Amino acid sequence: MKIGELARRTGVSERSLRYYEQQGLLVSERTPGGQRDYAERAVDRVIRIQELFAAGLNSKKIARVLPCMRDGDGGPSEIATGKLVTELAKERARIDQMINSLVNSRDVLDGVIDAASEAER
């Protein structure tokens, strides 16, 4: 599929898709005319990349993690090292801290909303 179709199907800009290629996160073939041509599996790959960016990982870490993720075959990766697993556990702990902080912020905001609602009555 062409880059425009991949962008449409994933909701990711063409510019981002080109960036993913530059970072080694995504691969395309080239048509005789030089246009990018993506395999169907690129849709799932882009979605995974977006999920990892949303989790706060940078492109270098994503490049290391992607080959370790289970693909359609569900098989485990042979390159998932103990060091990478430790790094990912730290990332997960960081995300957990962010979630806890957001929950606390929401609770404070709920208290303010409740107090303001009572004052209006």
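Everything numeric here is computed off the predicted structure, so don't read it as measured data.

### Thoughts on the layout of surface pockets
Taken as a whole, the second largest pocket spans an internal volume of roughly 170 Å³. L52, L57, V65, M69 and L88 are, among the 13 residues lining the second largest pocket, the residues nearest its centre. Per-element tally for the lining of the second largest pocket: the top contributor is helix α5 (residues 82-120), with six residues. Broken down by class, the residue content of the lining of the second largest pocket amounts to 11 nonpolar, no polar and two charged.

### Side note on α5
Look at α5: 57 Å from first C-alpha to last across 39 residues, which is about the 57 Å you get at 1.5 Å a residue. Within α5, burial applies to L84, E87 and E91. Of the surrounding secondary structure, the elements contacted by the buried residues of α5 are α4 (59-65).

### Side note on the packing of helix α2 (residues 14-22) against helix α3 (residues 42-54)
It is at 12 Å that the axes of α2 and α3 come closest, and there the two elements cross at 85°. Classified by the angle between their axes, α2 and α3 sit roughly perpendicular to one another. For the pair formed by α2 and α3, the contact residues are L17, Y19 and Y20 on the first element and V46, I49, Q50 and F53 on the second. Its residues placed into classes, the contact of α2 with α3 shows six nonpolar, one polar and no charged.

### A look at the nonpolar core
With 21 residues, the main nonpolar core has L6, L17, Y20, L26, Y38 and V46 as its most contacted residues. Among the secondary structure elements, those contributing two or more residues to this core are α1 (3-10), α2, α3 and α4.

### Details of the packing of aromatic side chains
Inspection of every chain in the model, using the stated rule, returns two aromatic pairs. Three or more aromatic residues link up through ring pairs in this structure, and these residues are Y19, Y20 and F53.

### Quick notes on the pattern of salt bridges
A side chain of one charge can pair with a side chain of the opposite charge when the charged atoms of the two come close. With the rule as written, the count across this model stands at nine salt bridges. Note that E5 is salt-bridged to R9, the shortest N-O span being 3.6 Å. Of this pair, E5 and R9 both sit in helix α1, four residues apart, which is roughly one turn of the helix. Accessibility expressed as a relative area gives 33% for R9, which makes it partly exposed. R18 is the partner of E14 in a salt bridge, and the nearest nitrogen-oxygen pair spans 3.8 Å.

### So, a nonpolar patch on the surface
There is a patch of nonpolar side chains on the surface, built from V108, L109, V112 and I113 and spanning about 370 Å² of accessible area. For V108, a relative accessible area of 56% puts it in the exposed group.

Conventions we followed
Residues numbered from 1 in each chain as written. Predicted model: local features only at pLDDT ≥ 70, side-chain atom pairs only at ≥ 80, totals over all residues. Heavy atoms only, no water. 1 Å grid on protein atoms, 1.4 Å probe; cavity = no way out; pocket = protein on both sides within 12 Å on 5 of 7 lines; lining within 4 Å. Points joined across faces, edges and corners; volume = space filled by probe spheres on them. Helix = DSSP H or I, 4+ residues; strand = E, 2+ residues; numbered from the N terminus. Nonpolar A, V, L, I, M, F, W, Y, C, P; charged D, E, K, R; others polar. Expected span 1.5 Å × (residues − 1). Buried < 20%, exposed > 50% of the residue type's maximum accessible area, 1.4 Å probe, protein only. Contact = heavy atoms within 4.5 Å. Axes fitted to C-alpha atoms, helices over the stretch in contact; angles between N-to-C directions. Parallel < 35°, antiparallel > 145°, perpendicular 65-115°, else oblique. Core = buried A, V, L, I, M, F, W, Y, C linked by side-chain atoms within 4.5 Å. Phe/Tyr/Trp six-rings, centres within 6.5 Å; stacked < 30°, edge-to-face > 60°. Salt bridge = Lys/Arg side-chain N within 4 Å of Asp/Glu carboxyl O. Patch = residues over 30% accessible without salt bridge, like charges linked within 9 Å, V, L, I, M, F, W, Y side chains within 5 Å. Areas by Shrake-Rupley, 256 points an atom, 1.4 Å probe, with all protein chains shown as cover.

Bear in mind that shape data such as this cannot, by itself, settle questions of function.
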